[in-house]
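Single-letter residue listing:
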Amino acid sequence: MAPVEDITESKLLLAEYDRIKEEQKSRIGFRDNLLYFTLAASTAVLAITIQNRHAQLLLAIPVICLVLGWTYLVNDEKISAIGRYIRDRLGPRLAELSGARGSVFDWEVYHRSDANRTTRKRLQSAVDLFTFFALPMTCLIAFWSSHTIHHLLLIVSLVQTAALAVLGWQFLRYAEW
């Protein structure tokens, strides 16, 4: 164990930076895999639905998209929060302690100043909304268009619609265009 005098605030902050960047990296990988898993699971349910001709199976897709979409959104927000924390708190504190003239974690600011960032963020939001809102809504519309709708399943589908609207609104609310 290092003597107490070897532990400085700068070293502690750098250690925190390393850990928080590792968490951010892990969350990015997990978040991105949620998108792929959602598409794979939805495709599997669609295939089973078409094969068995049971429209009520389409109601599984909104559930998949709601659970995985919410998890995706929460992870995405935490990834952004880590970036904000580094830019707004950790970086300035380390710059102050080190006497640096400028910011210390320039990448955290630099990559956000790209001229195409807004376009990329909007396109990503479109992909997210397609995957977690439009796809399950399309399945709900297909379910409503089927010739046999049980009243209980209709109620379930309406609750899913409301939940998807909230999820879609949250995606737009957290979008950083």
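Bear in mind the structure is a predicted one, so any value in this text is a computation, not a measurement.

Quick notes on the packing of helix α1 (residues 9-52) against helix α2 (residues 60-98)
Then, number 1: Two elements in contact, α1 and α2, have axes separated by 9 Å at closest approach and are oriented at 160°. Here α2 runs roughly antiparallel to α1, going by the angle between their axes. α1 and α2 meet at a crossing whose hand is left-handed.
Then, number 2: Here the contact of α1 with α2 is composed, by residue class, of 25 nonpolar, 7 polar and 9 charged.

Comments concerning the layout of surface pockets
Then, number 1: In this structure, the largest pocket spans a volume of roughly 830 Å³.
Then, number 2: In this structure, the largest pocket is lined by 31 residues; those nearest its centre are R31, D76, S80, R117 and K121.
Then, number 3: Of all the secondary structure elements, the ones that give two or more residues to the lining of the largest pocket are α1, α2, α3 (107-110), α4 (117-145) and α5 (151-174).
Then, number 4: In the lining of the largest pocket, the residues fall into 10 nonpolar, 6 polar and 15 charged.

Remarks on the pattern of salt bridges
If charged atoms from side chains of opposite charge come close, those side chains can pair.
Then, number 1: Within this structure, the stated rule accounts for 12 salt bridges.
Then, number 2: What emerges from the salt-bridge pattern is a single network uniting E77, K78, R84, R112, R117 and E176.

Rules of the game
- Residues numbered from 1 in each chain as written.
- Predicted model: local features only at pLDDT ≥ 70, side-chain atom pairs only at ≥ 80, totals over all residues.
- Heavy atoms only, no water.
- Axes fitted to C-alpha atoms, helices over the stretch in contact; angles between N-to-C directions.
- Helix = DSSP H or I, 4+ residues; strand = E, 2+ residues; numbered from the N terminus.
- Parallel < 35°, antiparallel > 145°, perpendicular 65-115°, else oblique.
- Left-handed = near helix turned anticlockwise from the far one by under 90°.
- Nonpolar A, V, L, I, M, F, W, Y, C, P; charged D, E, K, R; others polar.
- 1 Å grid on protein atoms, 1.4 Å probe; cavity = no way out; pocket = protein on both sides within 12 Å on 5 of 7 lines; lining within 4 Å.
- Points joined across faces, edges and corners; volume = space filled by probe spheres on them.
- Salt bridge = Lys/Arg side-chain N within 4 Å of Asp/Glu carboxyl O.

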